[in-house]
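So the chains spell out like this:
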Amino acid sequence: EAKRQGRGRSVAFEPSFHIQAAARFSLERDLRRAIAEDELRVHFQPIVDLASGELAGFESLVRWQDPVRGLLAPFHFLPLAEELGLVAEIDSWVLDATCREIGTWGADSNAFLTISVNCSDQTFLRESLAERARSAAEAAGISPDRLVLELTERALVESNAAAGALDRLRNHGLKLSIDDFGSGYSSLGLLHRLPVDALKIDRSFVSDLENSAQARAIVRAVSDLAKEIGLRVTAEGIETFAQLQAVRDAGCPLGQGYYFSRPVPPEAAARMLSQPTWQAHWPPGTRV
Ligand code: C2E
Ligand code: MG
Ligand code: MG
Ligand code: MG
């Protein structure tokens, strides 16, 4: 009985894993339709240079424009897509759509920006990924070394094939980043063994910064280490000016979060190209 209740409770938190068979079946059918009929969308969230306040790049985040349920965040469908083995198809679509959108902005306007795309563990291990990603970039006039694939710690730790997959991607000129660094399996050995170009410090550290000296120490240590070994480091989930300041004080050069902008549709992201700097929105007296 206790076990049953426990399961019942988890429904609220992980709907896509434990939904009833019928609901699950219809979600699966709808998801397959979404992929086939172009109901997926990409939204872009800016990554900001914390010293200058200038735009440094965008992260592309998938959405599902469901005709009935509206715009759905990944939480509502990616776990099921992973379970069904459909996530690599979604990731390929996202890669193409992201490059295509940015390609329409005109090469000169955005040549300085990095473009980050998330990569599920299943996608990462596909042999065809490197070639696909490079051709998606090149077809859109984007140099492949501006394309950053965000990988999970788990993919890097759990698979023996990780080193080979990383090499393949690097040989195609792509950049690689560890997403949500510190949230799970990270170890320094990982950084030593596996060649990546960037890290994203998990949002949980940023949300603790104001109240936790330990979180501040960790963000500082990771930022120092990253600088020392030549990795680009971005702090995720900056929601307040106080967090922005704490992240900057800890020496982290790049940041992302609702404080700057939520993920927005591509047209709105394109408008950010002409916005000179975010410093204009920072409180008076705090400009650097
Ligand atoms: P992520 O890659 O770590 O992306 C950051 C997530 O944090 C995004 O959620 C973003 O909207 C959210 N976020 C950004 N700034 C803030 C903030 O200041 N506060 C808070 N509370 N949240 C913030 P989103 O778009 O719902 O995506 C969730 C996760 O889904 C992503 O986490 C990523 O792991 C996965 N995902 C998204 N798009 C794709 C995709 O195209 N392919 C794959 N495989 N996974 C994706
Ligand atoms: Mg990411
Ligand atoms: Mg992340
Ligand atoms: Mg995250």
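Use the structure listed above.
Residues numbered from 1 in each chain as written. Chains lettered and ligands numbered in written order. Predicted model: local features only at pLDDT ≥ 70, side-chain atom pairs only at ≥ 80, totals over all residues. Heavy atoms only, no water.

What about helix α5 (residues 87-103)?
Helical periodicity: at 3.6 residues per turn, an α-helix aligns residues three or four positions apart in one direction. If you check α5, its first and last C-alpha atoms are 24 Å apart, about what 17 residues at 1.5 Å a residue would give, namely 24 Å. For α5, a buried count of 12 out of 17 residues is recorded, marking the element as mostly surrounded by other parts of the structure. (Helix = DSSP H or I, 4+ residues; strand = E, 2+ residues; numbered from the N terminus. Expected span 1.5 Å × (residues − 1). Buried < 20%, exposed > 50% of the residue type's maximum accessible area, 1.4 Å probe, protein only.)

What to know about the site of ligand 1
For ligand 1, the set of nearby residues contains 23 residues, the closest of which are Arg 63, Asp 91, Asn 118, Asp 179 and Glu 239. One nitrogen or oxygen atom from the side chain of Glu 236 is found 3.3 Å from an oxygen atom belonging to ligand 1. Here an oxygen atom of ligand 1 and a backbone polar atom of Tyr 258 are 2.8 Å apart. Burial of ligand 1 by the protein amounts to 81% of the accessible area it has alone, namely 810 Å². (Near = heavy atom within 4 Å. Polar contact = N/O pair within 3.5 Å; in protein donor to acceptor, adjacent residues only side chain to side chain. Areas by Shrake-Rupley, 256 points an atom, 1.4 Å probe, with all protein chains shown as cover.)

Here's the deal with the coordination of the magnesium ion (ligand 2)
At this site the magnesium ion (ligand 2) is bound by Glu 59 (OE), Asn 118 (OD1), Glu 150 (OE) and Asp 179 (OD), with donor distances of 1.9 to 2.2 Å. Counting the intervening residues between successive donors of the magnesium ion (ligand 2) yields the motif E-x58-N-x31-E-x28-D. Separating the magnesium ion (ligand 2) and the magnesium ion (ligand 3) is a distance of 3.7 Å, and Asp 179 donates to both of them. With a gap of 91 residues between them, Glu 59 in strand β2 (residues 55-66) and Glu 150 in strand β5 (residues 147-151) connect regions that are remote in the sequence. Both residues of the pair, Glu 59 and Glu 150, count as buried. (Donors = N, O, S within 2.8 Å, 3.2 Å for Na, K, Ca; no water.)

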